[in-house]
Amino acid sequence: MAGRRVNVNVGVLGHIDSGKTALARALSTTASTAAFDKQPQSRERGITLDLGFSCFSVPLPARLRSALPASEAASDAGPEPAAPQLQVTLVDCPGHASLIRTIIGGAQIIDLMMLVIDVTKGMQTQSAECLVIGQIACQKLLVVLNKIDLLAEGKRQAAIDKMTKKMQKTLENTKFRGAPVIAVAAKPGGPEAPETEAPQGISELIEVVKKVKSMQMFHMPVTSAMQGDRLGICVTQFDPKLLERGLVCAPESLHTIHAALISLEKIPYFRGPLQTKAKFHITVGHETVMGRLMFFSPAPDDFDHEPVLDSFDFSREYLFQEQFLCKDTALADSGEADQQVGQATKGHCPRQQWALVEFEKPVTCPRLCLMIGSRLDTDIHSNTCRLAFHGTLLHGLEDKNYAESILPRLKVYKLKHKQGLVERVMDDYSVIGRSLFKKETNIQLFVGLKVHLSTGELGVIDSAFGQSGKFKVHIPGGLSPESKKILAPVLKKRGRAGRGEVAREEEGMERPEPSQPVTLSLTFKRYVFDTHKRMVQSS
């Protein structure tokens with residue numbers, strides 16, 4: 001019998017006091033021990049505090065028979081086969097802003113989202129957050145306009161039509177465009193009304209749910225289960241009071257990780273940039289922990305490469321980013337010439353970006369699971385989206401000492417660019433440069449690196465020159481006649497005010513300088529996780 005059921009999980013989400021639990025109660029025929037706010041704390045506060053589970057069943061539509069196991073579908077040919085059922089499991093999620101972690105966890109196990117709207121108030125802050133979560137976590141949406149009994153009877157239909165149009169307009173720019181909108185009164189008269197008052201619009205709502213194309217377990221014996229199913233499990237010699245919430249899984253399917261490499265996208269409704277080194281609340285399954293992020297992208301030449309969403313390639317090189325690149329974000333000036341090839345090359349953003357997420361405490365999760373980053377410390381009364389980004393976990397770092405054992409394999413580089421000036425020519429094959437390094441810089445670290453003269457020659461840093469940050473540049477191909485002419489010395493007076501006698505003595509001194517300024521450009525890569533801090537140049 002259990003095998004003759006197809007289960008679909010329907011999440012009931014929406015703003016607090018929109019009537020979600022009342023709707024779940026009106027629809028359900030079977031309730032679990034956690035349904036309808038049975039917890040004492042929920043009854044005390046009058047709100048849903050955790051996920052509630054209940055279900056109802058309807059005959060399985062003929063077009064969904066293919067979802068039955070082959071052996072069960074074949075048994076329909078027998079004499080008087082029992083009618084297969086579509087079991088709709090309702091996942092009643094909290095609506096209070098402070099319980100967003102629980103809402104995100106519930107959204108990850110649903111096939112269809114039922115967004116409940118108080119028809120007298122329309123879209124509210126948590127309604128919008130639930131819609132954002134739905135776009136991330138599920139593929140299908142059904143809007144339920146609840147509490148239509150509170151509308152004046154003579155103007156009821158007009159008000160329903162007006163709100164339906166508003167909701168359809170809200171959904172226009174989402175993947176749920178064209179989603180059905182159903183009007184109901186789950187609990188006519190409100191919570192204190194007698195039970196004799198029948199709900200309105202429930203049969204129409206069930207008919208719409210039956211049309212869900214995507215696809216046990218209430219009081220029925222089963223031999224297997226999958227993600228999203230609700231089970232009662234008997235474990236001998238175990239005190240259930242010791243377990244609040246845990247994970248049941250196949251062996252080796254879950255891993256405890258200290259950091260992760262994820263592919264991610266910014267949620268467009270989140271205000272402000274996603275900055276490297278910033279901390280976010282990271283929700284993985286039903287667990288939320290703090291995590292610090294470092295963003296990186298492909299090299300600029302690879303911005304248009306096809307995204308890879310099922311693995312992470314350690315053999316590739318990646319470009320460090322001070323923040324997630326997107327067209328609507330003003331990119332911060334990173335100071336020391338870290339222009340990163342125009343960052344998003346004037347609005348051209350990469351098709352895929354990644355982040356290293358370092359958790360404050362380990363999390364247990366499967367590979368390729370959904371991660372959602374939020375700013376849950378934002379004032380819940382502010383009219384702003386707290387959900388910042390979502391992503392897929394591509395590679396988990398299980399070693400506690402991952403900074404030494406794994407991160408050196410991650411080839412994320414910063415592109416450094418420095419600029420100085422040619423002070424004078426020594427001979428046809430060497431010049432003296434300045435203003436590229438500080439006085440205290442160890443120039444020996446830069447010996448052998450290539451520099452480009454603005455006159456076109458390629459040079460190599462040969463050695464330090466004196467103690468003031470100057471350096472000698474060797475030019476293998478020699479200076480061209482044109483460059484020699486530009487670099488021909490012209491005597492210029494040099495004075496230093498404010499030094500008394502010394503200044504007066506030097507005021508009349510002259511020193512040779514090129515007739516036109518000639519710049520020296522030094523560009524190199526420095527890998528973020530290279531313990532030797534080496535500087536690398538492309539050949």
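Note that this is a predicted model, so its numbers are computed, not measured.

(A) View of the overall build of the protein chain. The helix and strand inventory of the protein chain stands at 10 helices and 23 strands. Here the protein chain holds 539 residues, and the buried ones make up 45% of them. In the structure as shown, the protein chain presents an accessible area of about 28,400 Å², 51% of it carried by carbon and sulfur atoms.

(B) Quick look at the packing of aromatic side chains. Summed over all chains, the structure comprises 13 aromatic pairs. Aromatic pair Phe-312 and Tyr-318: ring centres 5.1 Å apart, planes at 20°, arrangement stacked. Of the two residues, Phe-312 and Tyr-318, neither departs from the other in class, the shared state being buried. For the pair Tyr-413 and Tyr-527, a centre-to-centre distance of 6.1 Å together with 70° between the ring planes defines the contact as edge-to-face. Of this pair, Tyr-413 sits in strand S15 (residues 412-427) while Tyr-527 sits in strand S22 (residues 519-527); the two residues are 114 residues apart in sequence, bridging distant segments of the chain. Judged on exposure class, the residue Tyr-413 and its partner Tyr-527 are both buried. Following the ring pairs from residue to residue traces out a cluster consisting of Phe-296, Phe-312, Phe-314, Tyr-318 and Trp-354. The ring of Phe-280 carries the charged tip of Arg-375 above its face, separated from the ring centre by 4.3 Å.

(C) The pattern of salt bridges, seen in detail. Scanning all chains against the criterion turns up nine salt bridges. Put simply, Asp-428 and Lys-484 hold a salt bridge, and the shortest N to O gap is 3.2 Å. Taken together, the positions of Asp-428 in the loop between S15 and strand S16 (430-434) and Lys-484 in helix H9 (residues 481-486) put the pair 56 residues apart, joining distant regions of the chain. Looking at Lys-484, the relative accessible area reads 36%, which means it is partly exposed. Connected via shared salt-bridge partners are Glu-423, Arg-434 and Lys-470.

(D) Region of interest: the packing of helix H1 (residues 20-27) against helix H7 (residues 202-210). Viewed as axis vectors pointing N to C, H1 and H7 meet at an angle of 85°, and their least axial separation amounts to 11 Å. Considering their axes alone, H1 and H7 lie roughly perpendicular with respect to each other. Listed contacts from H7 to Leu-23, Ala-26 and Leu-27 of H1 are Ile-202, Leu-205 and Ile-206. Within the contact of H1 with H7, the residues separate by chemical class into six nonpolar, no polar and no charged.

(E) View of the sheet that holds strand S2 (residues 30-31). Spatially, the seven strands line up as an open sheet ordered S2-S3-S4-S1-S5-S6-S7, and their pairing is mixed. Edge strands, defined here as strands with exactly one partner in the open sheet, are S2 and strand S7 (181-183). As paired strands, strand S1 (residues 5-14) and strand S5 (residues 112-118) are joined by five bridges and run parallel to one another. Pairing of Val-12 across the sheet is with Met-114, part of S5. Across the face of the sheet, H7 comes into contact with S1, strand S3 (52-59), strand S4 (85-92), S5, strand S6 (140-146) and S7 while running at roughly 80° to S3.

(F) A look at the nonpolar core. In terms of nonpolar packing, the biggest core is built from 38 residues, with Met-113, Leu-115, Leu-141, Val-143, Leu-145 and Leu-387 touching the most fellow members. In terms of residue count, the dominant contributor to this core is helix H5 (residues 125-137) (five residues). In this view, Leu-115 contacts Leu-13, Gly-14, Met-123, Ser-127, Cys-130, Leu-131, Leu-141, Leu-142, Val-143, Val-144 and Met-167; residues no more than four positions away in its chain are not counted. In this structure, Val-58, Val-144, Val-184 and Ile-202 belong to the second largest nonpolar core, which totals 26 residues.

(G) Focus on unusual backbone geometry. Positive phi, normally seen in glycine, also occurs at Lys-147, with a value near 70°. Tracing the backbone through its elements, the reader meets Lys-147 in the loop between S6 and helix H6 (156-171). For Lys-147, a relative accessible area of 22% translates into the label partly exposed.

(H) Representation of the pairing of strand S11 (residues 318-321) within the structure. With four bridges joining them, strand S10 (residues 287-298) and S11 adopt antiparallel strand pairing. Counted as the bridge partner of Ser-297 is Leu-319 from S11. Looking at chain direction, S11 and S15 are connected through two bridges and run parallel. Its bridge partner being in S15, Leu-319 is matched across the sheet by Tyr-413.

(I) Spatial organisation of the side chain of Lys-525. For Lys-525, the position within the fold is in strand S22. Residue class for Lys-525 comes out buried when judged on its relative accessible area of 18%. Looking at Lys-525, its side chain comes within polar contact range of the side chain of Glu-317, at 2.7 Å. Lys-525 has contacts with Glu-317, Tyr-413, Lys-414, Leu-415, Arg-534, Met-535, Val-536 and Ser-538, leaving out every residue within four places of it along the chain.

(J) How the structure looks around H5. Its 13 residues give H5 an end-to-end C-alpha distance of 19 Å, which sits within 8% of 18 Å, the value for a rise of 1.5 Å per residue. Looking at H5, one finds that the buried residues are Gln-126, Ser-127, Glu-129, Cys-130, Leu-131, Val-132, Ile-133, Gly-134 and Ile-136.

(K) View of H1. Inspection of H1 places Lys-20, Thr-21, Leu-23, Ala-24 and Leu-27 among the buried residues, and these make up the whole buried set. Axial view of H1: buried residues confined to an arc of 160°, hence all on one face. Contacts made by the buried residues of H1 are with S1, S3, S4, S5, S6 and H7.

(L) Quick peek at the environment of Asn-442. Considering the arrangement of structural elements, one finds Asn-442 in the loop between S16 and strand S17 (450-453). You can call Asn-442 partly exposed: its relative accessible area is 44%. Along the backbone, Asn-442 and Gly-469 are 27 residues apart, and their C-alpha atoms lie at a distance of 8.6 Å.

(M) Looking closely at the pairing of S6. By the criterion of burial, S6 is predominantly enclosed, with six of the seven residues buried. In this sheet, S6 lies alongside S5 in parallel orientation, the contact comprising seven bridges. The residue bridging Ile-117 from the neighbouring strand is Leu-145, located in S6. With H5 bridging S5 and the parallel S6, this β-α-β connection has right-handed handedness.

The rules we used
Residues numbered from 1 in each chain as written. Predicted model: local features only at pLDDT ≥ 70, side-chain atom pairs only at ≥ 80, totals over all residues. Heavy atoms only, no water. Helix = DSSP H or I, 4+ residues; strand = E, 2+ residues; numbered from the N terminus. Buried < 20%, exposed > 50% of the residue type's maximum accessible area, 1.4 Å probe, protein only. Areas by Shrake-Rupley, 256 points an atom, 1.4 Å probe, with all protein chains shown as cover. Phe/Tyr/Trp six-rings, centres within 6.5 Å; stacked < 30°, edge-to-face > 60°. Lys NZ or Arg CZ within 6 Å of the ring centre and 35° of its normal. Salt bridge = Lys/Arg side-chain N within 4 Å of Asp/Glu carboxyl O. Axes fitted to C-alpha atoms, helices over the stretch in contact; angles between N-to-C directions. Parallel < 35°, antiparallel > 145°, perpendicular 65-115°, else oblique. Contact = heavy atoms within 4.5 Å. Nonpolar A, V, L, I, M, F, W, Y, C, P; charged D, E, K, R; others polar. Pairing = 2+ DSSP bridges. Core = buried A, V, L, I, M, F, W, Y, C linked by side-chain atoms within 4.5 Å. Polar contact = N/O pair within 3.5 Å; in protein donor to acceptor, adjacent residues only side chain to side chain. Expected span 1.5 Å × (residues − 1). Arc of directions from axis to C-beta. Right-handed = clockwise from strand over helix to strand, strands pointing away.

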